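Commentary on secondary and tertiary structure
Here is how the chains run, residue by residue.
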Amino acid sequence: EAEMTAAGFRSDGTRAMVVTGPVEHSQSVEAMVSEVHGAFGRIDILVNSAAIWDAIALEEVTAADVRQYFEVNTLGSFLAARAAGRVMVAQPSGGAIINIGDWATLRPYLDHAAYFPSKGAIEAMTRSLAVELAHRNRRIRVNCIQPGPVLLADDVGEEIQEALAKSLLVGRLGTPDEVAHAVQFLCENEFVTGVCLPVDGGRSIFANDGLQCGLNTG
């Protein structure tokens, strides 16, 4: 799919390349960043969206499960940000790094006890890297996006999708374009850094529990 996307860009006259490797391995990440930097001569934007996610009951979670989630979701994002950040430090224009977190770290749901700690760490890491990299180049910014229900798994039935949509303040599920638009905003606005931005239709601030409260003073 990545190659097909790159081919589409090339057909429109845009230079594009695909590099792959395990994000939890430092040497692999350094090699990918080096290859991209060598091909284009600069790195302006990094979006850390690689992650694993699977339901595991608490009783079945192993130490190996927790380590794997941290290695991919947390360490992978850190290694990529550090490698790209080193390139950005040497650039007068700096650069923008966007980490993809998860709105549900505020209200975790069942059977993901191994997943949420790895995503919760993304928020603290974003703020820490924003400080570290700005200290080295004031034009480097690091932010985080926390998506809500977007791109649901294929096995999520229509009934569950409708229930999810009704639970959101906006009354519908999100789209990949809306997440991408938030990424674009964080890339373009040079006065925003160290921020974790929910793009979740209000899910992080509202839970539809069936209670309707109001006050009529008329």
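Structure: above.
Quick summary incoming for the structure in this document. (Residues numbered from 1 in each chain as written. Predicted model: local features only at pLDDT ≥ 70, side-chain atom pairs only at ≥ 80, totals over all residues. Heavy atoms only, no water.)

Quick notes on the packing of aromatic side chains
Rules: Whether two aromatic rings pair depends on their centres lying within 6.5 Å, for rings of Phe, Tyr and Trp, where Trp uses its six-membered ring; planes under 30 degrees apart make the pair stacked, over 60 edge-to-face, and the rest tilted. The secondary structure listing takes helices from DSSP runs of H or I that are at least 4 residues long and strands from runs of E that are at least 2 residues long, numbered from the N terminus.
Tallied over the full model, the rule gives 4 aromatic pairs. Seen from their ring centres, Trp53 and Tyr115 are 6.4 Å apart, and the 85 degrees between their planes marks the pair as edge-to-face. In this pair, Trp53 is assigned in the loop between strand E1 (45-48) and helix H3 (63-89) and Tyr115 in the loop between strand E2 (95-100) and helix H4 (116-136), connecting sequence segments 62 residues apart.

Observations regarding the pattern of salt bridges
For clarity, the threshold we go by: We define a salt bridge as a contact between a side-chain nitrogen of Lys or Arg and a carboxyl oxygen of Asp or Glu at a distance within 4 Å.
Evaluation of the coordinates by the stated rule reveals 5 salt bridges. Of the charged contacts in the structure, one is a salt bridge between Glu30 and Arg86, with a shortest N-O distance of 2.9 Å. Of the two residues, Glu30 is situated in helix H2 (residues 26-40) and Arg86 in helix H3; the sequence distance between them amounts to 56 residues. Here Arg172 and Glu178 are joined by a salt bridge, their closest N and O atoms 2.5 Å apart.

Some remarks on the sheet that holds E1
Put simply, the test is: Paired strands, in this sense, are two strands between which DSSP finds at least two bridges. With axes taken as lines fitted to C-alpha atoms, and helix axes fitted only over the stretch in contact, angles between N-to-C directions fall between 0 and 180 degrees. Contacts were defined at the residue level, with two residues in contact if any of their heavy atoms lie within 4.5 Å.
Here we have 4 strands laid out as an open sheet, ordered E1-E2-E3-E4, and parallel in their pairing. One side of each edge strand has no neighbouring strand; the edge strands of this open sheet are E1 and strand E4 (196-199). In this sheet, neighbouring strand axes are inclined to one another by 20 degrees on average, regardless of whether the strands run parallel or antiparallel. Lying over the sheet, helix H6 (residues 176-188) contacts E1, E2, strand E3 (140-147) and E4, oriented at roughly 160 degrees with respect to E3.

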